[in-house]
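Examining the three-dimensional arrangement
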Number of protein chains: 2
Amino acid sequence: MVLTQSAEEAVRQLKETLRIAGHHQQALYLLSWDNRTGAPKKGVQLRAEAIGTLSEEVFRMMTSEQMGEWLDTLAEPDVFASLDPVTQATVRYVRRNYERNRRLDPAQHREFVTLVAEAESVWEGAKHAADFARLRPYLERIVEFQKTFAQAWGYADHPYDALLDKYEPGLTVAQLDPLFEHLKTETTALLRAIVGTGRRSEWPQGRRFDAAKQREVCLHLLKSIGYDLEMGRLDETEHPFQISINRYDVRVTTRYVEEDLLSALFGTIHEGGHALYEQGISPDLINTPLCEGASMGIHESQSRFWENIIGRSRAFWEHHYPVLLQVFPTQLADVSLDVFHRAINEVQPSLIRIEADEVTYNLHIILRYELEKALLTGDLKVADLPAAWNEKMRELLGIVPRHDGEGVLQDVHWSGGDFGYFPSYALGNLYAAQFLEAMERVVPDWEDQLRRGQVDGILGWQREHIHRYGRMLEPAEIVVRATGRPLEAEPWLRYLKRKYGALYGV
Amino acid sequence: MVLTQSAEEAVRQLKETLRIAGHHQQALYLLSWDNRTGAPKKGVQLRAEAIGTLSEEVFRMMTSEQMGEWLDTLAEPDVFASLDPVTQATVRYVRRNYERNRRLDPAQHREFVTLVAEAESVWEGAKHAADFARLRPYLERIVEFQKTFAQAWGYADHPYDALLDKYEPGLTVAQLDPLFEHLKTETTALLRAIVGTGRRSEWPQGRRFDAAKQREVCLHLLKSIGYDLEMGRLDETEHPFQISINRYDVRVTTRYVEEDLLSALFGTIHEGGHALYEQGISPDLINTPLCEGASMGIHESQSRFWENIIGRSRAFWEHHYPVLLQVFPTQLADVSLDVFHRAINEVQPSLIRIEADEVTYNLHIILRYELEKALLTGDLKVADLPAAWNEKMRELLGIVPRHDGEGVLQDVHWSGGDFGYFPSYALGNLYAAQFLEAMERVVPDWEDQLRRGQVDGILGWQREHIHRYGRMLEPAEIVVRATGRPLEAEPWLRYLKRKYGALYGV
């Protein structure tokens, strides 16, 4: 079917608006990158005003009456069927966000944005002082907002589904509950066995690793995994992140701790994994909102794949450890590859999520997931959150924070209003292992390739089955197409048991 | 008189539009800064598209029919008289630009923008190959555009006035011609006397100054002259510049040449001088287009004041040379303060404007000014430009380029369409010396203050008489108010004769 004139016009206007919104978004990403890489402190207020203006313009463009009309025209079954696949996916994606946003009361939404901006800075003080009482009134209001949003967005089964959908389109509590329950049982059992061995890392303490030299190694590693520095750059920040200014400008940051070599190395590979994803999206998606990762969970699968499955493998370091020895000959003179490999894979229950190892990490996430659901249904009150947190820490990890600063207050997410986000991190692990098994069937010698310093086989598989699609496909579609199966926990558990079974003899 | 409701509404709408345009401009400045400080190469095309979109939006806001109506309403004598001074100056400034822009044919202007973008990249190749013929067709078209613009913008006396006005509002050829003629006579005489002494710098060649250490010194110097690093930052670029992202975010860049210590030192103080100006503008002007320097010439007066009058004075280095010795103890072990002071003030006719000393600098400008005028009136053809350039070099500086790469092709300005800009550099020198004499009357012990490492007296005077006004006043108003006299060449000539008379015994 040939498009009618009005449909053609709707396509043209939609694309032009998305192009212009994308240009604003590009400026917003740069402002955000700049904010976090050393923008002068005193300029923050005026910069925030500029960010506010540009964000409002994008929001206005994406929620205008006109936008609604173009989307309605293009969503007509006959018209939709005659659109090219990129336009179809664009209409589907833009329409879902349009409806989400139109369902919010603008005044209420502004109130929420102001609230979380304030809450984030209150959180910093509260965390530092380990004083939950300070944050409590903010969190109470934020949780009420989440309830309101969930009602506005709607859900079939559980209100938490409406929040999950924001980060992992299509995922539901009905899927997650059994998955996480199974994961919890199996992981705690494995953890008990590992802790029972009493084995500890022999990594030497107290050595100093020059930051400039760490940067050299990080650049080497980024290049080795296939990151293109001509469409990226590596900067230093307090909190490392990856950000795409545009399709050909995909930046990563890292943090050098001179007393802790491993921090920057694995932080860099992690952000590098995110960046490989963004550098691999099909150029056909430029100037559409599909030119991003499919979801937080799929994104996290790529960073965790490179950081953990590749970056903490023995094969990878058989090739790269000699480079590390060359850069730090005295500091590592007495450290064998085996000691290094065990050190970067040490398992130990710990209080802080972002420092957790592969085995315990998901337990930190499950804890937050269970608390978020309970807050949303009203089964848990914000006032009782610290006690509930500590109780779950004891149950899942066998340790309890000494104070709320290293407990319930450790993450910014809740203060930022990001309920429903945490599961993405655990999903990242599960997806990564499921992708690994699928990739292994096609590239069975991937470890040998790593030993030779090659990543083309691995990266090629990811590019073909994951990266290039951007947001063209839903997360669940990507997983099924790439692996032949829906999301499941078994590949991840097999991976954990094989790897840590060997490392700890359990 | 109380504002009528429609005037009140016009003020409100004008201010809101300027605020929003300013926020776009802030993003554009950051994109520009980023472009020049290491943005990934491959992202340039998509970044240029974003810059194009945001620039067009600003242009559209500033030239809309509505804008014209608000300005007309507010320019009514009765209404205008009842506005506060900031709003009056805003209306005056925005209106002038509105009229300038509305007089351009949009299609023609777009053609010009595309032409100069192309010409700038052709220029790079032409300069490198010393091949004027490559650039000639572009320059011919650019000169024709300048003639068209001058006619569109209008002028009372000389077409060049219309171009001058863009950079130095209110200045005319009738003022500049006698000023530059006088300057030329006096400067060439002084130069002949200096060259006649045969004295050369004793600065040692072939020493290496570590870039990281140069950066330390540059940061020290920036702080010493009063630059606030909490509302700024220092980065490294090929071509140093200063840029204000917002009123509290005023950045400078510099370039470290390890074989040439002086390059970064004086480049940094120069850009620091520009930055002091921007950091001193009254916060009352935030969110208006008046929150910038008054003109290119006044801006350049501040950078040159700090670079040359302060930065190349003996008093300044009596305080700071010990710091330099501390950072480079071996490299400077045998270099006395006197040798250093003479080295940073060496006078020598040279081919390249940006490397010229204080005495010869204005001659490079006068040469360009005379050529630009002749091109605009048609007295000179682009084809004859290289010969005319070389002839004037012989006349003014007594030397002739070996090829056009170090002659007529050395600057990007003409390829960028910036005709009328060059005089600003010379004006900067003249203004600076005129400000010096006025400041000296109030702060007679400024050199003693410098010897103690203090700049409060000097900077305080500048803040009060120049910086705080931003674009509230025209350049000529600033000069008259601050010095009691209109622009004149005598203070500059007195400064040159006193300083170089002492240094060279002439």
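Look a little higher up for the structure.
Residues numbered from 1 in each chain as written. Chains lettered and ligands numbered in written order. Predicted model: local features only at pLDDT ≥ 70, side-chain atom pairs only at ≥ 80, totals over all residues. Heavy atoms only, no water.

On to the overall build of chain A, then. Helix and strand counts for chain A stand at 21 helices and 3 strands. Its C-alpha radius of gyration of 23 Å places chain A within 12% of the 23 Å reference for a compact globule of 506 residues. Each principal axis of the C-alpha atoms in chain A carries an extent, and together these give about 70 × 50 × 50 Å. Within chain A, buried positions represent 57% of all 506 residues. Put simply, of all contacts in chain A between residues at least 6 apart along the chain, 73% involve residues at least 24 apart. Roughly 20900 Å² of accessible area belongs to chain A as shown, and the carbon and sulfur atoms make up 50% of that amount. Distance between charge centres in chain A, computed from 57 positive and 75 negative side chains, equals 3 Å. (Helix = DSSP H or I, 4+ residues; strand = E, 2+ residues; numbered from the N terminus. Rg over C-alpha atoms; globule rule 2.2 N^0.38 Å. Buried < 20%, exposed > 50% of the residue type's maximum accessible area, 1.4 Å probe, protein only. Contact = heavy atoms within 4.5 Å. Areas by Shrake-Rupley, 256 points an atom, 1.4 Å probe, with all protein chains shown as cover. Lys, Arg positive; Asp, Glu negative; His and termini not counted. Charge placed at Lys NZ, Arg CZ, Asp CG, Glu CD.)

Further remarks concern the environment of A:Tyr361. Residue and element names in this part refer to chain A. In this fold, Tyr361 is placed in helix H15 (residues 358-377). Its relative accessible area of 5% is what places Tyr361 among the buried residues. Along the primary structure Tyr361 and Pro349 are separated by 12 residues, whereas in three dimensions their C-alpha atoms are 9.1 Å apart. Beyond its immediate chain neighbours, meaning those up to four positions away, Tyr361 contacts Arg304, Arg353, Ala356, Tyr425 and Asn429. Of note is the side chain of Tyr361, whose polar atom sits 2.9 Å from the side chain of Arg353. (Polar contact = N/O pair within 3.5 Å; in protein donor to acceptor, adjacent residues only side chain to side chain.)

Let us now look at the pairing of strand E2 (residues 242-246) of chain A. By the criterion of burial, E2(A) is predominantly enclosed, with 5 of the 5 residues buried. Here E2(A) hands over to strand E3 (residues 249-254) of chain A after 2 residues, the two strands then running antiparallel side by side. (Pairing = 2+ DSSP bridges.)

What follows is about the nonpolar core. Of all hydrophobic cores here, the largest spans 344 residues; its most connected members are A:Trp306, A:Trp317, A:Leu324, B:Trp306, B:Trp317 and B:Leu324. When residues no more than four places from it in sequence are discounted, the contact partners of B:Leu324 are B:Val217, B:Leu261, B:Leu265, B:Trp317, B:Leu332 and B:Phe340. (Core = buried A, V, L, I, M, F, W, Y, C linked by side-chain atoms within 4.5 Å.)

The subject of this paragraph is the relation of the copies chain A and chain B. Superposition of the two copies of the chain requires a rotation about an axis together with a shift along that axis. Least-squares fitting of chain A to chain B yields an RMSD of 0.1 Å, with the superposition described by an axial translation of 0.0 Å and a rotation of 179 degrees. When the rotation and shift are considered jointly, the pair of chain copies conforms to a two-fold rotation axis. Of every C-alpha in chain A, the one belonging to A:Ala27 sits nearest the axis of rotation, 3.0 Å from it. Looking at chain A, 100% of its interface residues are interface residues in chain B too, so the copies touch through the same face. (Least-squares fit on C-alpha atoms with pLDDT ≥ 70 in both.)

Facing the 36 residues of chain A at the interface are 36 residues of chain B. At the boundary of chain A with chain B, total buried surface from both sides reaches about 3000 Å², with 57% on carbon and sulfur atoms. Of all residues in chain A, A:Lys42, A:Leu46 and A:Glu230 give up the largest surface area on contact with chain B, accounting jointly for 21% of the area buried on that side. Applying the counting rule to chain A against chain B returns 9 salt bridges. Of the charged contacts in the structure, one is a salt bridge between A:Asp34 and B:Arg251, with a shortest N-O distance of 2.7 Å. Put simply, chain A and chain B have 24 residue pairs in polar contact (both at pLDDT 80 or more) between them. Among the secondary structure elements, those contributing two or more residues to the side of chain A that touches chain B are helix H1 (5-36), helix H2 (44-62) and E3 of chain A. (Buried area = accessible area lost by both parts, 1.4 Å probe. Salt bridge = Lys/Arg side-chain N within 4 Å of Asp/Glu carboxyl O.)

Bringing the pairing of strand E2 (residues 242-246) of chain B into the picture now. Pairing geometry for E2(B) and strand E3 (residues 249-254) of chain B, over 4 bridges, is antiparallel. Looking across to E3(B), one finds that B:Ser244 is bridged to B:Val250.

Here we come to helix H16 (residues 385-397) of chain B. Residue and element names in this part refer to chain B. An ideal rise of 1.5 Å per residue puts 18 Å on 13 residues; H16 measures up with 17 Å between its terminal C-alpha atoms. Of all the residues in H16, the buried ones are Leu385, Pro386, Ala388, Trp389, Asn390, Lys392, Met393, Leu396 and Leu397. On the buried face of H16, the contacting elements are helix H7 (132-153), helix H9 (173-197) and helix H15 (358-377). Within two residues after H16, Gly398 carries a phi angle of roughly 75 degrees, on the positive side. (Expected span 1.5 Å × (residues − 1).)

All names here are of chain B. For Gln410, the location among the structural elements is in the loop between H16 and helix H17 (423-442). There is a polar contact of 3.2 Å between the side chain of Gln410 and the side chain of Arg368. Sequence-distant contacts of Gln410, that is, excluding residues within four places in its chain, are made with Trp123, Lys127, Leu351, Ile352, Arg353, Arg368, Trp389, Asp404 and Gly405.

With that out of the way, let us pick up the sheet that holds E3(A). To summarise the sheet geometry, strands pair through backbone hydrogen bonds and adopt either a parallel or an antiparallel arrangement. Residues and elements named next belong to chain A. Here we have 3 strands laid out as an open sheet, ordered E1-E3-E2, and mixed in their pairing. With one partner strand each, in any of the chains shown, strand E1 (234-236) and E2 form the two edges of the open sheet. Going from strand to strand, the sheet's axes swing by 30 degrees on average, the running direction of each strand aside. H1 rests against E1, E2 and E3 of the sheet, and its axis sits at about 145 degrees to E2. (Axes fitted to C-alpha atoms, helices over the stretch in contact; angles between N-to-C directions.)

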